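Remarks on the overall topology
As a plain string of letters, each chain reads:
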Amino acid sequence: MGPTDARTEPGRPAFRVLVADDSEFARRNAGKVVAAMGGEVVGEAATGRQAVDRYRALRPDLVLMDITMPEMPGVDAVEAIMREDPTARIVMVTSMGHQDVVRRALGLGARHFLMKPFQFDEAVRIIRFVMEEAQGPAAGGTDHAG
Amino acid sequence: MQVEQIHPFVDSARAVLSQVVGGPVEAGRLRLSPAPAPSRGVAAIVSLAGQVQGRVILDMDRETAVRLAARMNGEPIASLTPLAQDTLAELASMMAGRAVTTLHDRGFHLQPAPPLLMVGENMTVASPGADLEALVIPLTTRLGDVVVNVAIRMA
């Protein structure tokens, strides 16, 4: 069983998630998707700096990262996290999806993009893809579900 | 005022509202309006900087604001709680972000500021010294009316 299946043992979440967004609504919304998939939000961050600090402390299985945040933009937080942990799984969740931003985030190591406002099924599909990709043999790539 | 830069904000507002409301959004008659802009009670404001400067306002009455916030959160919300306010600010941010994405892909580089939410009676939103004329687009949703007020110019 993988991290996107239902709980592997009683009381244990399928996967652990850090949600980074300066909007409480956006954090709650992302949390609902994670919970519905059997995952657990183990930490929240309202700034890019907090996201980096909490990643270091929590080592979650997945980070859902907004781009526009105070103190440190999400893309800079991606860069900092990937420098410390090249295996980190980060999905950008944003309404700013233009090419420069997408290119930079993916180039730094983000695994996928989710555009706000997102549909529930789309979020599940992308999170499941990223989590299952990480289980494959020597993934190391940037294959992105269409 | 550049019409080609304004359309993405209108289109984005309609698309985002339609998605969060879960139904069609009808646009009413467009009109020009000199700043300052009178508010219906709840105004979510996103300032813009870069090649395109100005601001975009999503304006609505309290009842519509509460209904939108409840709908977006999928739970009952009876008043403009901090969560409701944050939700409406995020609505404006999503609308602005999508418009900025469209403009960026057309070659216009601009950055939206974090949204502000203003709540009050007999309120106007002014941009002193900006000398901006606004295009006002009334949108009708099944949860109430939302007015998009766009005042921008090329830097």
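Residues numbered from 1 in each chain as written. Chains lettered and ligands numbered in written order. Predicted model: local features only at pLDDT ≥ 70, side-chain atom pairs only at ≥ 80, totals over all residues. Heavy atoms only, no water.

Re the pattern of salt bridges
Residue and element names in this part refer to chain A.
- Going through the model one piece at a time under the given rule, you end up with 15 salt bridges over all chains.
- Here Arg 89 ties to Asp 61 by a salt bridge, and the two come within 3.9 Å at their closest N and O atoms. Here Arg 89, found in the loop between helix H3 (74-84) and strand S4 (90-94), pairs with Asp 61, found in the loop between helix H2 (48-58) and strand S3 (62-65); they are 28 residues apart in sequence, far enough to count as distant.
- On the basis of relative accessibility, which here comes to 25%, the residue Asp 61 falls in the partly exposed class.
- A salt bridge links Arg 111 to Glu 133; its shortest N-O distance comes to 3.5 Å. In this pair, Arg 111 sits in the loop between helix H4 (99-108) and strand S5 (112-115) while Glu 133 sits in helix H5 (residues 120-133), placing the two residues 22 residues apart along the sequence. (Salt bridge = Lys/Arg side-chain N within 4 Å of Asp/Glu carboxyl O. Helix = DSSP H or I, 4+ residues; strand = E, 2+ residues; numbered from the N terminus. Buried < 20%, exposed > 50% of the residue type's maximum accessible area, 1.4 Å probe, protein only.)

Thoughts on the sheet that holds strand S1 (residues 16-20) of chain A
All names here are of chain A.
- Pairing is parallel in the open sheet, where 5 strands are placed in the order S2-S1-S3-S4-S5. Single-partner strands in this sheet number two, and they are strand S2 (40-45) and S5. Adjacent strand axes in the sheet meet at a mean angle of 20° when their direction is disregarded.
- Bridge analysis of S1 against S3 gives 4 bridges, and the strand direction is parallel. Bridging across to S3, Val 19 finds its partner in Leu 64.
- Packed on one face of the sheet, H3 meets S3 and S4 and runs near 175° to S4. (Pairing = 2+ DSSP bridges. Axes fitted to C-alpha atoms, helices over the stretch in contact; angles between N-to-C directions. Contact = heavy atoms within 4.5 Å.)

Quick look at the nonpolar core
- Membership of the largest hydrophobic core comes to 48 residues, with the highest contact counts inside it found for B:Phe9, B:Leu58, B:Leu68 and B:Leu91.
- Broken down by secondary-structure element, the contributors of at least two residues to this core are helix H1 (3-21), strand S4 (42-50), strand S5 (52-60), helix H2 (62-73), helix H3 (82-105), strand S9 (133-141) and strand S10 (144-154) of chain B.
- Considering every element that reaches this core, the biggest residue donor is H3(B), with 11 residues.
- Not counting residues up to four positions away in its chain, the partners in contact with B:Leu68 are B:Leu17, B:Val21, B:Met60, B:Leu88, B:Leu91, B:Leu143 and B:Val146.
- Grouped together as the second largest cluster of nonpolar side chains are 24 residues, A:Met65, A:Ile67, A:Ala105 and A:Phe113 included. (Core = buried A, V, L, I, M, F, W, Y, C linked by side-chain atoms within 4.5 Å.)

Here we look at the interface of chain B and chain A
- Taken together, the 21 residues of chain B in the interface contact 19 residues of chain A.
- Buried surface at the junction of chain B and chain A, summed over both partners, amounts to about 1,700 Å²; 54% is from carbon and sulfur atoms.
- Linking chain B with chain A are 2 salt bridges.
- In this structure, A:Arg28 and B:Glu75 form a salt bridge, with 2.8 Å as the shortest nitrogen-oxygen distance.
- If you look at where chain B meets chain A, you find 12 residue pairs in polar contact (both at pLDDT 80 or more).
- The set of elements that each furnish at least two residues to the side of chain B that touches chain A consists of H1, H2, H3 and strand S6 (110-112) of chain B.
- If you tally residues by element for the side of chain B that touches chain A, the top one is H3(B), at 12 residues.
- Partitioning the side of chain B that touches chain A into residue classes produces 7 nonpolar, 9 polar and 5 charged. (Buried area = accessible area lost by both parts, 1.4 Å probe. Polar contact = N/O pair within 3.5 Å; in protein donor to acceptor, adjacent residues only side chain to side chain. Nonpolar A, V, L, I, M, F, W, Y, C, P; charged D, E, K, R; others polar.)

Concerning H1(B)
Residues and elements named next belong to chain B.
- For H1, built from 19 residues, the straight-helix expectation of 27 Å at 1.5 Å per residue is met to within 8% by its first-to-last C-alpha distance of 27 Å.
- Of the residues making up H1, those classed as buried are Gln 5, Ile 6, Pro 8, Phe 9, Val 10, Ser 12, Ala 13, Val 16, Leu 17, Val 20 and Val 21.
- Once H1 finishes, Gly 22 follows within two positions and takes phi at roughly 80°, a positive value. (Expected span 1.5 Å × (residues − 1).)

Brief notes about the environment of B:Leu58
Residues and elements named next belong to chain B.
- Here Leu 58 is to be found in strand S5.
- Separated by 11 residues in sequence, Leu 58 and Ser 47 have C-alpha atoms that sit 12 Å apart.
- When sequence neighbours within four positions are dropped, the list of residues in contact with Leu 58 reads Val 42, Ala 43, Ala 44, Leu 91, Ala 92, Met 95, Val 146, Val 147 and Val 148.

Focus on the confidence of the model for chain A
All names here are of chain A.
- Within chain A, residue pLDDT values average 86, and 82% of them lie at 70 or more.
- Below pLDDT 50 for its whole length, residues 1-8 participates in 17 contacts with residues either more than four positions away or in separate chains.
- Between residues 137-146, whose pLDDT stays under 50, and residues either more than four places distant or in other chains, the model counts 13 contacts. (pLDDT = per-residue confidence, 0-100.)

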